[in-house]
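# Structural features, examined
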Amino acid sequence: MWPLARRSRKMTRLLFLTQSLSSNPKPISHSHTYYNYSVSRSFHNSISKLSLAFLHPIRSPAICAFCSKPSSAAGVGSLPSMTEDISHLTQREAAEIDEILMGPLGFSVDQLMELAGLSVATSIAEVYKPSEYNRVLAICGPGNNGGDGLVAARHLHHFGYKPSVCYPKRTAKPLYTSLVTQLESLSVPFISVEDLPLDLSKDFDIIVDAMFGFSFHGSPRPPFDILIQKLVCIKNYDQTRQKSSAIVSIDIPSGWHVEGGGGAEGIKPDMLVSLTAPKLCAKKFFGPHHFLGGRFVPPSVADKYKLRLPPYPGTSMCVRIGRPAQVDISALRENYISPEFLEEQVEADPFDQFRKWFDDVVAAGLREPNAMALSTASKNGKPSSRMVLLKGFDKNGFVWYTNYESRKAHELSENPHASLLFYWDGLNRQVRVEGSVQKVSDEESDQYFHSRPRGSQIGAIVSKQSTVVPGRHVLYDQYKELEEKFSDGSIIPKPKNWGGYRLKPELFEFWQGQKSRLHDRLQYSPEEINGQQVWKIERLAP
């Protein structure tokens, strides 16, 4: 993806200054073959005034959200309603931005290539889980786009995939030879063009198209013309096969022109990972998955080029853009891969087993390991569920806190029985707990209430949980009033209608996801033996 600038930083800055001051600079001619691709995209493109053909700018900052969507296992981040809402770069504009990044802003080629390759790998991992799409072939060209593919292959290896690399025209520069060495040290196989099968779908679940990027011109020469045809043929084979390899193109599909497209005979990828910003040809991409990656555009560049880009969610290196793919809900499934969960390996006491699994979740760094679904029912048997947070557990039971005038509290007063469900996706585990419920002591509730942040204490007073309010402004005004009242640091009294509940377990079930839906389910239920209560462990059919 990134140009390997042969000129000095001083010369780069001089060109950037010329670009900024000149109103009509003359373009510099560029090569029409892929052999110059690895030299520098930017020096082979015009250093000219930016065209103002973008969408109208938005208010500062230039990188702005279009809509919000919480991240999930199935996808990430904010989804703009349409790809047209996002800036698309011409070849010239993309080259200029590269020069700015690698000139005044001080990025190096290897930094940008590492970020690009990681973005590609994380985008792939968002859609194609290694349990279903494990075998990956990265086809890498001789330039920077190929380098992005090599970096992506390394990250995919660490993500649990089994990558192979086809790298027919190797670049002798140290950056590229180092990437090859890194892959070889991981025992990632390199496959020659001659050894590739005629039908790539037989041996590979994912094909990473990292042959040519946005600076490529002209017709691909051997062996890349043959490789591109192999990718084109995948979709032809797909007409007679239920599943074919998924094609993932980096920045632009190889053989496409930045400001045109690939034509009827071009590669039709399933996923496009645009870097920095989508190129104009991305408007002609109709595959189901379009991601933006890189996360290296600083505000100064976004403002200068009036870029409209979605925000990256959390710590993610990629964000889905464009229309979300149409999903066949009936086809959504996960083939879990987990260690066996056997009777002879579990703790005799379910509380000890829960503690063991809970510690595993904390050690794995999963988000909110204490989140649990609490299900209650009215006296008429009408159920309701909601997510709450576990705030303590021991041999006496599981404790959470809430408003005693909420719906769940009313249902518990009528029917003091409930169930809890913990779901830990990252470990393919869940735990169900059923039992009777009673309030904890006032002293216990008071002690926990005053251990909370003062903002949470005030929020508990403001929220008349489950009642109708005219609008958020009512809650906000009441909160600000109480915040001012207790701004002197005085003790905030616990509301009388707020406190804890404790569920005393009468049944546990520990679930571990396994392949082919043959999940492990071990149930603990109490029984009396010789006048003593013990826990009976039984395996349930999945």
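Nothing here was measured: the structure is a model prediction, and the numbers come from that model. (Residues numbered from 1 in each chain as written. Predicted model: local features only at pLDDT ≥ 70, side-chain atom pairs only at ≥ 80, totals over all residues. Heavy atoms only, no water.)

Turning our attention to the pattern of salt bridges. Throughout the structure, instances matching the rule amount to 16 salt bridges. As a salt-bridge pair, Lys279 and Asp251 come within 2.8 Å of each other at their nearest N and O atoms. Here Asp251 lies in the loop between strand 4 (246-250) and strand 5 (271-275) and Lys279 lies in the loop between strand 5 and strand 6 (289-293), a separation of 28 residues in the sequence. As far as the burial class goes, Lys279 and Asp251 line up, both buried. The shortest N-O distance in the salt bridge between Arg429 and Asp360 comes to 3.0 Å. (Salt bridge = Lys/Arg side-chain N within 4 Å of Asp/Glu carboxyl O. Helix = DSSP H or I, 4+ residues; strand = E, 2+ residues; numbered from the N terminus. Buried < 20%, exposed > 50% of the residue type's maximum accessible area, 1.4 Å probe, protein only.)

Attention now moves to the packing of aromatic side chains. Taken as a whole and assessed by the stated rule, the structure comprises 27 aromatic pairs. With centroids separated by 4.2 Å and ring planes inclined at 15°, the aromatic side chains of Tyr401 and Tyr448 adopt a geometry described as stacked. Note that Tyr401 is positioned in strand 11 (residues 397-403) and Tyr448 in helix 10 (residues 442-449), a separation of 47 residues in sequence. Comparing Tyr401 with Tyr448 shows no difference in burial state: the two are buried. Ring geometry for Tyr404 against Tyr501: centres 5.3 Å apart, planes inclined by 80°, an arrangement best described as edge-to-face. With Tyr404 in the loop between strand 11 and helix 9 (407-414) and Tyr501 in strand 14 (residues 498-512), this residue pair connects regions lying 97 residues apart in the sequence. (Phe/Tyr/Trp six-rings, centres within 6.5 Å; stacked < 30°, edge-to-face > 60°.)

Moving on, we get to the nonpolar core. Judged by nonpolar contacts, the single largest core of 60 residues is most densely connected at Ile124, Val165, Ile206, Val208 and Leu307. Counting residues per element, this core draws most heavily on helix 3 (residues 109-127), which supplies seven residues. Counting 31 residues, the second largest nonpolar core, distinct from the first, contains Phe341, Val346, Tyr404 and Ala409. (Core = buried A, V, L, I, M, F, W, Y, C linked by side-chain atoms within 4.5 Å.)

The next point concerns the pairing of strand 15 (residues 520-529). On a regular strand, one side chain projects to one face of the sheet and the next to the other, so that they alternate. Strand direction decides the pairing type here: strand 14 and strand 15, joined by five bridges, are antiparallel. The partner of Phe510 across the bridge, within strand 15, is Leu522. In textbook terms, the turn of a hairpin is the stretch between consecutive antiparallel strands, and for strand 15 and strand 16 (residues 532-539) this stretch comprises two residues, one of which, Asn530, has a positive phi near 55°. (Pairing = 2+ DSSP bridges.)

Inspection of the secondary structure assignment puts Leu518 in the loop between strand 14 and strand 15. Remark: the alpha-carbon pair of Leu518 and Tyr336, spanning 182 residues in sequence, is separated by 9.4 Å.

Turning to the packing of helix 3 against helix 4 (residues 144-158), a few remarks are in order. In the contact formed by helix 3 and helix 4, the axes pass within 7 Å of each other and the chain directions differ by 55°. Judged by the angle between their axes, helix 3 and helix 4 are oblique. Here helix 3 and helix 4 pass one another in a crossing that is right-handed. Contact residues: Val109, Met113, Glu114, Ala116, Gly117, Leu118, Val120, Ala121 and Ile124 in helix 3; Asn144, Gly147, Asp148, Val151, Ala152, Arg154, His155 and Leu156 in helix 4. Among the residues making up the contact of helix 3 with helix 4, the classes are represented as 10 nonpolar, four polar and three charged. (Axes fitted to C-alpha atoms, helices over the stretch in contact; angles between N-to-C directions. Parallel < 35°, antiparallel > 145°, perpendicular 65-115°, else oblique. Left-handed = near helix turned anticlockwise from the far one by under 90°. Contact = heavy atoms within 4.5 Å. Nonpolar A, V, L, I, M, F, W, Y, C, P; charged D, E, K, R; others polar.)

Right, let's talk about the sheet that holds strand 2 (residues 162-166) for a bit. The pairing of strands in a sheet happens through backbone hydrogen bonds and is either parallel or antiparallel. Across the sheet, seven strands lie side by side as 2-1-3-4-5-6-7; this open sheet has mixed pairing. Across the chains shown, the open sheet's two edge strands, defined by having one partner strand only, are strand 2 and strand 7 (318-320). In this sheet, adjacent strand axes meet at a mean angle of 20° when their direction is disregarded. Relative to the sheet, helix 4 contacts strand 1 (135-140), strand 2, strand 3 (206-210), strand 4 and strand 5, its axis offset from that of strand 1 by approximately 160°.

Moving on, we get to the side chain of Ser123. Secondary-structure assignment places Ser123 in helix 3. Residue Ser123 is classed as buried on the basis of its relative accessible area of 0%.

Our focus in this paragraph is the confidence of the model for the protein chain. Of all residues in the protein chain, 82% have pLDDT values of 70 or greater, and the mean over the chain is 84. In the predicted structure, residues 1-82 sits below a pLDDT of 50 and forms 207 contacts with residues beyond four places in sequence or in another chain. (pLDDT = per-residue confidence, 0-100.)

With respect to the helices and strands, Gln523 occurs in strand 15. Gln523 gets classed as buried once you look at its relative accessible area, which sits at 14%. Taking C-alpha positions, Gln523 is 8.8 Å from Trp511, a pair spaced 12 residues apart along the chain. With residues up to four places along the chain from it excluded, the contact list for Gln523 reads Leu507, Phe508, Glu509, Lys536, Ile537, Glu538 and Leu540.

With that settled, consider the packing of helix 3 against helix 5 (residues 174-185). Where helix 3 meets helix 5, the axes come as close as 11 Å, and the angle between the chain directions of the two elements is 40°. Comparing their axes, helix 5 and helix 3 come out oblique. Considering only the axes of helix 3 and helix 5, their crossing is right-handed. Where helix 3 approaches helix 5, its residues Val109, Asp110 and Met113 are matched on the opposing element by Leu175, Tyr176 and Leu179. Of the residues belonging to the contact of helix 3 with helix 5, the class tally is five nonpolar, no polar and one charged.

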